[in-house]
Amino acid sequence: MASSSSADYVPQTILVTGAAGFIASHVINRLLRHHPSYKIVALDKLDYCSNPNNLQPSTLSSPNFTFVVGDVSSSDLLNHLLLTHSVDTVMHFAAHTHVDTSFVGNSLSFTTNNVCATHVLLESCRARGPHIRRFLHVSTDEVYGETDSGDPEASQLLPTNPYSATKAGAEMLVMAYQRSYGLPVITTRGNNVYGPNQYPEKVVPKFILLAMRGQRLPIQGDGSHVRSYLYCDDAAEAFDVVLHRGVVGNVYNIGARRERRVVDVAEDVCGMFGLVAEEVIEYVENRPFNDRRYFLEDQKMKGLGWEERTPWEEGLRRTKEWYMKNPDWWGDVSDALGQCKRKWGGGVIRFLIYGGDGWIGGVLGRLCEERRIEYEYGEGRLEDRRAVLEDLRRVRPTHVFNAVGVGERWNVEWCESRRVEAIRADVVGMLNLVDVCKEKGVAVVNFAMTAIEFEEEDASDFVRSFYSKTKAMVEELLKNYDNVCNLRVGTPISSDLNNPYNVIAKIITRKDKVVKSMRSRMTVLDEMLPMSIEMARRNMTGTWNFTNPGSVSHNEILQMWTDFGLEEQEKVMDDTVELEREFPSLLPIKESLLKYVFEPNRKD
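As named in an unreviewed UniProt entry, the protein chain is Rhamnose biosynthetic enzyme 1, taken from Acorus calamus. Within the UniProt record for the protein chain, the comment given under Cofactor (unreviewed entry) is "NAD(+)".

1. Quick look at the overall build of the protein chain
Scanning the protein chain from terminus to terminus reveals 23 helices and 22 strands. Burial statistics for the protein chain: of 604 residues in total, 56% are counted as buried. Long-range pairs, those at least 24 residues apart, make up 82% of the contacts in the protein chain between residues at least 6 apart in sequence. A total of about 25800 Å² of accessible surface is found on the protein chain, and carbon and sulfur atoms cover 49% of it.

2. Topic: the sheet that holds strand β2 (residues 39–44)
Read from one edge to the other, the open sheet built from seven strands follows the order β3-β2-β1-β4-β5-β6-β10, with strand pairing classed as parallel. Each edge of the open sheet is held by one strand with a lone partner, namely β3 (65–69) and β10 (251–254). This sheet shows a mean twist of 20° between the axes of neighbouring strands, independent of strand direction. Sheet topology note: the strand β1 (residues 13–17)/strand β4 (residues 89–92) ladder contains four bridges and is parallel. Following the sheet pairing, valine 16 is matched in β4 by methionine 91. In this fold helix α3 (residues 75–84) packs onto β1, β2, β3 and β4, with an angle of close to 170° to the strand it touches most, β2.

3. Considerations on the sheet that holds strand β11 (residues 259–261)
The strands making up a sheet associate through backbone hydrogen bonding, with each pair oriented either parallel or antiparallel. Taking strand neighbours across the sheet as the criterion, the three strands line up as β7-β9-β11 in an open arrangement whose pairing is mixed. Edge positions in the open sheet fall to β7 (192–194) and β11, since each of these has one partner strand only. In this sheet, neighbouring strand axes are inclined to one another by 50° on average, regardless of whether the strands run parallel or antiparallel. Bridge count between strand β9 (residues 226–231) and β11: three bridges; the pairing is antiparallel. The residue of β11 that forms the bridge with valine 226 is arginine 261. Relative to β11, helix α9 (residues 262–272) is tilted by about 85°, and along the sheet it contacts β9 and β11.

4. Quick look at the pairing of strand β6 (residues 185–190)
β6 sits mainly inside the fold: six of its six residues count as buried. Burial along β6 is two-sided: Val185, Thr187 and Arg189 and Ile186, Thr188 and Gly190, pointing in opposite directions, are all buried. Pairing geometry for strand β5 (residues 134–140) and β6, over six bridges, is parallel. Looking at the pairing, serine 139 lines up with arginine 189 of β6. As judged from the four bridges shared by β6 and β10, these two strands associate in the parallel manner. Along β10, the bridge assignment pairs glycine 190 with isoleucine 254.

5. Focus on the confidence of the model for the protein chain
Considering every residue of the protein chain, the mean pLDDT works out to 81; 80% of them sit at 70 or more. Counting contacts from residues 451–463, a segment whose pLDDT is below 50, to residues more than four positions away or on other chains yields 40 contacts. Here residues 564–574 is a poorly scored stretch, pLDDT under 50, and it has 22 contacts once near neighbours within four places are set aside; other chains count.

6. Points about α9
Considered for burial, the residues of α9 that qualify are Val262, Val263, Val265, Ala266, Val269 and Cys270. Taken down its axis, α9 places every buried residue within 155° of arc, on the same side. At the C-terminal side of α9, glycine 274 shows a positive phi close to 70°.

7. Quick look at a negative patch on the surface
A surface patch of negative charge is lined by Glu267, Asp268, Glu278 and Glu279. Listing elements by their share of the negative patch, those giving two or more residues are α9 and α10 (277–280). Within the secondary structure layout, glutamate 267 lies in helix α9. Relative accessible area serves as the criterion here: at 36%, glutamate 267 is assigned to the partly exposed category.

8. A look at the packing of helix α7 (residues 203–212) against α9
Across the interface, α7 lies against α9 with an axial gap of 10 Å and an inter-helix angle of 35°. Between α7 and α9 the crossing geometry is right-handed. Across from Val203, Val204, Phe207, Ile208 and Ala211 in α7, the residues of α9 making contact are Val262, Val265, Ala266 and Val269. Looking at the contact of α7 with α9 residue by residue, the class counts come to nine nonpolar, no polar and no charged.

9. Side note on the packing of aromatic side chains
For any pair of aromatic rings, geometry is given as the distance between the ring centres together with the angle between the planes. Across all of its chains, the model carries 13 aromatic pairs by this definition. With 5.0 Å between their ring centres and 65° between their planes, phenylalanine 93 and phenylalanine 239 make a pair best called edge-to-face. Residue phenylalanine 93 is found in the loop between β4 and α4 (99–104), and its partner phenylalanine 239 is found in helix α8 (residues 232–245); the two are separated by 146 residues along the sequence. Assigned by exposure class, phenylalanine 93 and phenylalanine 239 land together as buried. Relative to tyrosine 181, the ring of tyrosine 177 lies with its centre 4.9 Å away and its plane at 50°, an arrangement referred to as tilted. On the criterion of helical spacing, the pair formed by tyrosine 177 and tyrosine 181 is a turn pair, its members being four residues apart in helix α6 (residues 162–181). Through a chain of ring-to-ring contacts, three or more aromatic side chains come together here, namely Tyr194, Tyr229, Tyr231 and Trp312.

10. Digging into the pattern of salt bridges
As enumerated under the stated definition, the model contains 28 salt bridges in all. Notably, a salt bridge pairs aspartate 8 with arginine 245, separated by 3.6 Å at the nearest N-O pair. With aspartate 8 in the segment before β1 and arginine 245 in helix α8, the pair connects residues that are 237 residues apart, well separated along the chain. Arginine 245 matches aspartate 8 in its accessibility class, with the two residues each being buried. When the shortest N-O distance is used, the salt bridge between arginine 381 and glutamate 383 registers 3.1 Å. Given the relative accessible area of 56%, arginine 381 is considered exposed.

11. Remarks on the environment of valine 388
Looking at the secondary structure, you find valine 388 in helix α15 (residues 385–395). For valine 388, a relative accessible area of 0% translates into the label buried.

12. What to know about the nonpolar core
Val16, Ile28 and Met91 are the most contacted members of the largest nonpolar core, which totals 65 residues. Here this core gets eight residues from one element, more than from any other, and that element is α8. If sequence neighbours within four positions are ignored, isoleucine 28 has contacts with Val16, Ala19, Ile40, Ala42, Leu55, Thr59 and Phe65. In this structure, Phe351, Val363, Phe546 and Phe583 belong to the second largest nonpolar core, which totals 30 residues.

Here is what the cut-offs are and how they apply
The residue numbering used here restarts from 1 in each chain and proceeds along that chain's sequence as written. Per-residue local features are limited, in this predicted model, to residues with pLDDT of at least 70; the limit for side-chain atom pairs, both in listing and counting, is 80 or more; totals at the level of whole chains, interfaces and linings are taken over all residues. Water and hydrogen atoms were dropped before computing side-chain values, which therefore reflect all heavy atoms in the structure. UniProt positions are given in the numbering used here, feature names are shortened, and annotations may be inferred rather than shown by experiment. Counting from the N terminus, the helices are DSSP H or I runs at least four residues long and the strands are E runs at least two residues long. Using a 1.4 Å probe on the protein chains alone, a residue whose accessible area is under 20% of its type maximum counts as buried, one over 50% counts as exposed, and one in between counts as partly exposed. Contacts: residue pairs with any heavy atoms within 4.5 Å of one another. Surface accessibility follows the Shrake-Rupley procedure with a 1.4 Å probe radius. Residue values consider only the protein chains on display as shielding. Pairs of strands are assigned from DSSP output, requiring at least two bridges between the strands. To get an axis, a line is fitted to the C-alpha atoms, and for a helix only the part in contact is used. The angle between two axes follows their N-to-C directions and goes from 0 to 180 degrees. Confidence of the predictor at the level of single residues is captured by pLDDT, which takes values from 0 to 100. Within this analysis, the arc is defined by the directions that extend from the helix axis to the C-beta atoms. Here a patch means residues that are over 30% exposed by relative accessible area and free of salt bridges, tied together within 9 Å if like-charged and within 5 Å if nonpolar (Val, Leu, Ile, Met, Phe, Trp, Tyr). Every case where a carboxyl oxygen of Asp or Glu lies within 4 Å of a side-chain nitrogen of Lys or Arg is listed as a salt bridge. Positive charges come from Lys and Arg alone, negative charges from Asp and Glu alone, with His and the N- and C-terminal ends not counted. Think of each charge as sitting on NZ of Lys, CZ of Arg, CG of Asp or CD of Glu. Two helices that cross are described as forming a left-handed crossing if the nearer one is turned anticlockwise from the farther one by less than a right angle, and a right-handed crossing if clockwise. Residues were grouped as follows: Ala, Val, Leu, Ile, Met, Phe, Trp, Tyr, Cys and Pro as nonpolar; Asp, Glu, Lys and Arg as charged; and all remaining residues, including Gly, as polar. Centre distance within 6.5 Å is the pairing criterion for rings of Phe, Tyr and Trp, where only the six-membered ring of Trp is used; planes under 30 degrees apart are then read as stacked, over 60 as edge-to-face, and the remainder as tilted. Only buried residues count toward a nonpolar core, which is a set of Ala, Val, Leu, Ile, Met, Phe, Trp, Tyr and Cys residues joined through side-chain atoms within 4.5 Å.

What follows is the structure in structure tokens.
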């Protein structure tokens, strides 16, 4: 770093968000080493990729260092910290950063963490007026999108994935607050950073830990995607320089000059451990869009007196040595390392299923096993908030499926005689689950057992029983949660004729009880439950009539069972038109019955 100048900005108290994360912790450790008079207030909500141990013991024991566990989304907390600590400088590192997770997990959580939280922070700083003298916003090279040449800071932002889109959105807010309110903003956009203390969802520590364990190194696609890698000490120095010498209103690219393909990184790691790359590297399904190249033009940083110092070979060696000495730094990281063990659409999804001892929940579990999707059944009762939180902590799901009571004991008669229990199960439990998942950024797929005589956007206005009243009440409240996919299931049927709740089994064993004129909307589980998994993968939300198109009478089912004869189809009702648009192959009810129920049970 070049020698200091009398014109350098000198902060007094710095609020650092995301402080226990990888990059921010290296920056804090450096600042307190080189500028021990600075006061630093470190804020972190201690998410999975944060670790207080990343902050050196000397930092934690410094009289000028304060560590606060909390969320940037809390305006009350931010206002308290900015005021009581007389903060004059903010370095905003906190972000949800993993691209793969933004594709296959709940992408809405990236908006919450990266855009909404940044907006809250900006508002708190705006309220402090001239007391905030610097606001350093940390962004990423990915906001430029895929590039073939070096991107100068004035280049157009063209993000290509949910993560980078939210970072670009946050930048727009930061820019607006500078122009509208005069907030003294500086923005940085950086290449990939690597080194000690990094959570192993990122490629360099992941490859090192996998190599240490003698496991295969997964590479998405053909491995030709090009990235630049900057060692953490160089990155920390760059932020030190920008903090002191950066010009308000400017954007600074922080980049490494030498590029490497992902396969080159894997081969270099194999070389350090004496492994034969061709035997260890495993090529796996690519993510939905994988930018071929990022490259930054960094002349403005050179103008501030900074440049990359650590050669790749040296930085990789230091990183390897650190992980060899600290193999358990992050505890159990098997989930992060096992990204491609079970995949769907290019990345990991993990389901937490409630109602595993029931019909729909049991079928969902078997489908997950067949498709090699990670899942576990919930252990807590939905009305117990702490139990649900414990399930989320234990499983760490991307999606929660709620199939509690669908089509079984939670029927009209049961609810009429046990109204308080019905409220706890259908109202309190459901809202508690959705609210906890909303708080944790997890998507919910809810199977709502309900009569369907209206279109998706219509209210549930059938209130002929206490059962339907509770369902209508919950459905109306669920509209306020943007993390819910609510599936209105018709009469559930399947090819499992041994299931006592299967209407088909009831009809063919009680022919004398068939009501010939009764027509029903039905959901053929064999066809439609796989569709619910696909809806989760797409992160679809809102209310859907989850039935096969058309209706069928019990007498028609009995006739179809007897001779597999089909009458001319009646005009298909249009209340599943939205679902049919998403899934054009969805069969009308009678065709679905033949294919998924009757044919599998034919006795040749």
